[in-house]
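Letter by letter, the chains look like this.
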Amino acid sequence: MMTRISVLLLTCLPLAAAFTSPASFAGAGQRSGLQSATSPASRLHNVALRAPKAATGVSALNMKVPKIIQGGMGVQVSSWTLAREVNRAGELGVISGTAMETVLIRWLQEGDPGGIYKRALDRFPDQKMVKRIWDKYYIEGGKAADKPFRNPTMWTFTPSQDLEEATILGNYAEVWLAKHEDDGTLIEGGGVGINCLTKIQLPTIQNLYGAMFADVDYVIMGAGIPMEVPGILDALAEHKDCKLGIDVDDAPEPMFAHFSPKALFERSGAPEVLDRKMHRPNFIPIVSSVTLAQAMLKRATGAGPTKGIQGFVIELPTAGGHNAPPRGFRYDAAAKSHKLSLNDKGEPVYGPKDEVNLDKFKAAIKGLPFWMAGYYARPEKLQEVLAMGGAGIQVGTSFAFTKESGLAPNVKDIVLAKVKNGDMTVYTDPVASPTGFPFKVLEIDDSLSTKDNYEARPRVCNLGYLRTPYVQDQDSGKIAYRCAAEPVDDYLKKGGVIEATEGRKCLCNGLMANAGLPQVSPFSKDGEDKKYVEEILITAGDDVNQIRKYMKENSEGKLEYSANDVIQYLFGNFKDAYEGEMNLYADADKAEDPEVKAKLMEKKADLEEKIDEVNQQLSK
Ligand SMILES: Cc1cc2nc3c(=O)[nH]c(=O)nc-3n(C[C@H](O)[C@H](O)[C@H](O)COP(=O)(O)O)c2cc1C
């Protein structure tokens, strides 16, 4: 049994394919029934499609444990439309909580096409709050294309009431839409989660609180160590005050962002909202090592034996978006010591120390469910994880380019056409993201992935999600904010070093453009009069070429595929495998020895049940 997940092997793939390829099922099919009951293939089947019986957490809350988590993808790539489709299919759809207030505000300035956000906001319990945001941002018919969007104020330790309200409403609306049909009927599906990046600290509490008003089922967080989040969820479920530690450069002591639901709704004029019963969602951290999982289970702030954690996603560096840096990798802009750990293309190199030992992992996580992520969108890999006792897989890249995802149609067209014409390459950029984590970028000429295009972009910082707070004045303790992707002069004035600005990209504006909500810059490119319109910067995992498996031409000759195509593909092979094994038991009732007959019949019934389960899954 392969229990050591090797990053290198997974990148080249064949080991996993050989381990549970359809051929190995065919092989099992040639043996006699009783032999096969102990064969590797049937050991695999014994656990397949059954969620592990978790000792704590998810099962205690009587929640469905999904086999497929559609990973959270910001900004609005894992939109409510995508998450709803996955929820409907009985798996876990996850919306991204990143920059949701900006997303909501921009859609309102686009005239809320189809009345979509109105549908959700009409059901929010504080209609005074809704009216304020509506009056402030909604533009009937949408703003003119050459006019910039009005932005919310940037996040600081002391956010405005307007910003807090927009954040709560933005996250609420996205979750609510993913949980309901257009007519407002609640979908009895696989559930809806929210994903937040731990590294974007200041809006976190308000993001989660907003999502909880729409009864979010899961909170999934990576890109950092979300140690305090389980306790925050416990507090928010009772509308209690809470705080989150914030990393502040040069701070002499720990600093916290505070949030008071009571104060917020009193200011809003709707204190009665605090009587509303909230349910505490399951919390799943995304980790990349046994040590991190152990630390979370020891020091996280939630209640109960697993400290408010209900499972883990183990994410490998093949995954799309941000990646955990290699063990021992330290980005140092000035000393450039990190250069020693880069390959010829300038990407971080992962090695044996980055492998996750699954035996140790399982022993450490006290029976909680876990999901594997990063190049796992293969039926045989889902089966492999289930056979190892995992709950399933988290998949991002395969879902990112579906017709239901929130990527702008032109972005999908570019990527699908390129994949059709040959393999695309993904660059793991060690410096692009101001978070300091490696960030995967799709190499596309018409995007900000090229050096020339990026250098031609007039730098501006007007969303500020990735700004780092720093102590500007030690005497007064005054806090200011800086981002290495902001205009270089501004960054230097704030005490930043020039080396840190090199190769840094404005993910805030690039990712907003991907979602079809590009800002019109206050500046123009050198030598141009027209105001610059922010361009796309697409992230995807190493698995991007896998989308060739699903995509097809529709009646208008346009390439596309759906979230359901991905799910069908991932579950499809189960059916073949079970039906193949079923042939072994065709004559089970003819066995002469009553004991053997009983065993064979039991096995046959078990398989029938599994086929039934798959059929149900596929018919959703
Ligand atoms: C376009 C895109 C954006 C992503 N954004 C996020 C994000 O905002 N937060 C996060 O935790 N993971 C993010 N991810 C990672 C996914 O949630 C998921 O874990 C990963 O894609 C799984 O590996 P795969 O890409 O091989 O399927 C993103 C992935 C993609 C492809």
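Our subject is the structure listed above.
Cut-offs used in this document
- As a convention, each chain's residues are numbered from 1 in the sequence order in which they are written.
- With the structure being a predicted model, the display of local features is reserved for residues of pLDDT at least 70 and the display and counting of side-chain atom pairs for 80 or more, all residues being used for whole-chain, interface and lining totals.
- Elements are defined by DSSP. Helices are runs of H or I of four residues or more, strands are runs of E of two residues or more, and each kind is numbered from the N terminus.
- Buried means a residue has 20 or more other C-beta atoms within 10 Å of its own C-beta, exposed means 12 or fewer, and partly exposed covers the counts in between; C-beta atoms are placed from the backbone.
- Remark: residues whose backbone-derived C-beta atoms lie within 7 Å of one another are considered to be in contact.
- Here the rule is simple: two strands pair whenever DSSP picks up at least two bridges between them.
- Axes, fitted as lines to C-alpha atoms, cover a helix only where it is in contact. Angles between the N-to-C directions of the axes lie from 0 to 180 degrees.
- A set of buried residues qualifies as a nonpolar core if it consists of Ala, Val, Leu, Ile, Met, Phe, Trp, Tyr and Cys joined through C-beta atoms within 7 Å.
- Defining nearness, a residue is near a molecule or strand when the C-beta atom obtained from its backbone falls within 6 Å of it.
- The classification used treats Ala, Val, Leu, Ile, Met, Phe, Trp, Tyr, Cys and Pro as nonpolar, Asp, Glu, Lys and Arg as charged, and all other residues, Gly among them, as polar.
- Assignment of crossover handedness uses the view with strands pointing away from the viewer, where a clockwise path from the first strand over the helix to the second indicates a right-handed crossover.
- Roughly parallel means an angle under 35 degrees; roughly antiparallel means over 145; roughly perpendicular covers 65 to 115; every other angle is labelled oblique.
- Should the near helix be turned anticlockwise from the far one by less than a right angle, the crossing is left-handed, and should it be turned clockwise, the crossing is right-handed.

Would you take a moment to explain the overall build of the chain for this structure?
On a plain count of helices and strands, the chain comes out with 23 helices and 18 strands. Across the 620 residues of the chain, 48% fall into the buried class. By sequence separation, contacts in the chain at least 24 residues apart represent 72% of the contacts at least 6 residues apart.

What exactly am I supposed to notice about the sheet that holds strand β8 (residues 282–287) here?
For sheets, the rule is that strands pair by backbone hydrogen bonds, running either parallel or antiparallel. Strand order in the closed barrel formed by eight strands is β2-β3-β4-β5-β8-β9-β11-β12, and the pairing between neighbours is parallel. Strand-to-strand twist across the sheet, computed as the mean angle between neighbouring axes with direction ignored, equals 25 degrees. Running at roughly 170 degrees to strand β3 (residues 92–96), helix α6 (residues 80–88) makes contact with β2 (68–70), β3 and β4 (192–197) of the sheet. Lying on the sheet, helix α16 (residues 379–387) is in contact with β11 (370–373) and β12 (392–395); it crosses β12 at an angle near 135 degrees.

Where do I start with the nonpolar core in this structure?
Across soluble globular proteins, you tend to see nonpolar side chains buried next to one another. Counting 145 residues, the largest nonpolar core has Leu 104, Leu 169, Val 175 and Val 219 as its most contacted members. For this core, the element with the most residues is helix α10 (residues 161–179), which contributes ten residues. Apart from the residues within four sequence positions on either side, Val 175 is in contact with Ile 95, Val 192, Ile 194, Ala 211, Ala 214 and Val 216.

What am I meant to see in the pairing of β12 here?
Regular strands show a simple pattern: their side chains alternate between the two faces of the sheet. By the bridge criterion, three bridges tie β2 to β12 in an arrangement that is parallel. Among the inter-strand pairings, Gln 70 is bridged to a residue of β12, identified as Val 395. Judged from the three bridges that link them, β11 and β12 form a sheet pairing that is parallel. Residue pairing across strands places Ala 373 opposite Gln 394, the latter belonging to β12.

Is there a simple way to think about the site of the ligand in this case?
Around the ligand, the structure places 31 residues, and the nearest of them are Gly 71, Gly 320, Gly 321, Gly 396 and Gly 541. Broken down by secondary-structure element, the contributors of at least two residues to the shell around the ligand are β4, β12 and α17 (397–400). In terms of residue count, the dominant contributor to the shell around the ligand is α17 (three residues). Of the residues in the shell around the ligand, the class split is twelve nonpolar, 17 polar and two charged.

What am I meant to see in the environment of Ala 173 here?
Positionally, Ala 173 belongs in helix α10. Excluding its chain neighbours within four sequence positions, the residues that come into contact with Ala 173 are Leu 104, Tyr 117, Ala 120 and Leu 121.

Help me understand the pairing of β11, please; the structure alone is not making it clear to me.
What you see with β11 is no split at all: Phe 370 and Met 372 on one side and Trp 371 and Ala 373 on the other are buried throughout. Looking at chain direction, strand β9 (residues 312–315) and β11 are connected through four bridges and run parallel. Across the sheet, residue Phe 312 finds its bridge partner in β11, namely Phe 370. Each parallel crossover has a hand, and the one from β11 via α16 to β12 is right-handed.

Explain the packing of α10 against helix α11 (residues 204–213) here, please?
Where α10 contacts α11, the axes come no closer than 7 Å and their chain directions differ by 45 degrees. The orientation of α10 with respect to α11, classified from their angle, is oblique. Considering how the two elements wind past one another, α10 and α11 form a crossing that is right-handed. Across from Glu 164, Thr 167, Ile 168, Leu 169, Gly 170, Asn 171, Tyr 172 and Val 175 in α10, the residues of α11 making contact are Gln 206, Asn 207, Tyr 209, Gly 210, Ala 211 and Phe 213. Looking at the contact of α10 with α11 residue by residue, the classes come out as seven nonpolar, six polar and one charged.

The analysis is restricted to geometry; functional conclusions fall outside its scope.
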